[in-house]
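What follows is each chain in one-letter form.
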Amino acid sequence: GRGRFICRVTRAKNVRSPTGGAGPANTRVEVDLVDGRGRYGDFPLPIRNARGKLIFADNQTTIENLTATAGSDDSGRITLNGTVSYPDGDIENLQPVIHIAAANIPIDAALLDAVPPAYTTWRSAIDVTGRLGLDATVRRSRGTSVPEIDGTLTLDQGRVAARDGAWALADITAKVGLT
């Protein structure tokens, strides 16, 4: 991603270890994101106008009120809060616990392109439009590869239609529990 940010670095020296001896110095980096943009690798939906705080510590990153816009028209809103832990600095085994609140996310090419191909084989036969909302917590425990998602997904102004024009469903509203 790219953007403007303000960064503060603090370092605590001679921190006592749990056994009582002098431990390694702890470093904390605070990043105030002012106007960022980017994508997350596992779900590369482009976000823009990102603002919020990221706090990087030795074994955990904290996300505080990170807000952004999404969708081709920037009408969608996303807010993230939570932590990503990496005990003992093991970044190969990230353990996120992140609350995602999203509203008015358009089902457009940017969103559909972010969905893994295994879930979109239907795209050649039907068109889907509408607005999505999400209120969920994503977490992954140590040693697991698939995250757990608990929350609610909503659809407003939904429309599903056959590409050949044979049928269409319009004005769809739905609410789905995710577990």
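Figured I'd write up the structure that's included with this text. (Residues numbered from 1 in each chain as written. Predicted model: local features only at pLDDT ≥ 70, side-chain atom pairs only at ≥ 80, totals over all residues. Heavy atoms only, no water.)

Inspection of the secondary structure puts E30 in strand β2 (residues 26–40). A polar contact is formed between the side chain of E30 and the side chain of R28, at a distance of 3.0 Å. Of note is the side chain of E30, whose polar atom sits 3.3 Å from the side chain of K53. Ignoring anything within four residues of it in the chain, the contact list for E30 reads I6, C7, R8, K53, L54 and I55. (Helix = DSSP H or I, 4+ residues; strand = E, 2+ residues; numbered from the N terminus. Polar contact = N/O pair within 3.5 Å; in protein donor to acceptor, adjacent residues only side chain to side chain. Contact = heavy atoms within 4.5 Å.)

What follows covers the pattern of salt bridges. In a structure, side chains of opposite charge can pair up when their charged atoms sit close to one another. One pass over the structure, following the stated rule, counts eight salt bridges. Taking the shortest distance from any N to any O, the salt bridge between R163 and D127 comes out at 3.0 Å. Here D127 lies in strand β7 (residues 126–139) and R163 lies in the loop between β8 (148–162) and β9 (168–178), a separation of 36 residues in the sequence. What makes D127 partly exposed here is its relative accessible area of 34%. Each of R28, E30, D32 and K53 takes part in salt bridges that share partners, so that together they form one network. (Salt bridge = Lys/Arg side-chain N within 4 Å of Asp/Glu carboxyl O. Buried < 20%, exposed > 50% of the residue type's maximum accessible area, 1.4 Å probe, protein only.)

Pairing of β7 with β8, which is carried by 13 bridges, proceeds in the antiparallel orientation. Across the sheet, the residue bridging to T129 is R159, located in β8. Bridging between β8 and β9 involves eight bridges; their strand directions are antiparallel. Looking across to β9, one finds that V160 is bridged to L169. Where β8 folds back onto β9 in an antiparallel hairpin, the turn is made up of five residues, including G165, whose phi is positive at roughly 80°. (Pairing = 2+ DSSP bridges.)

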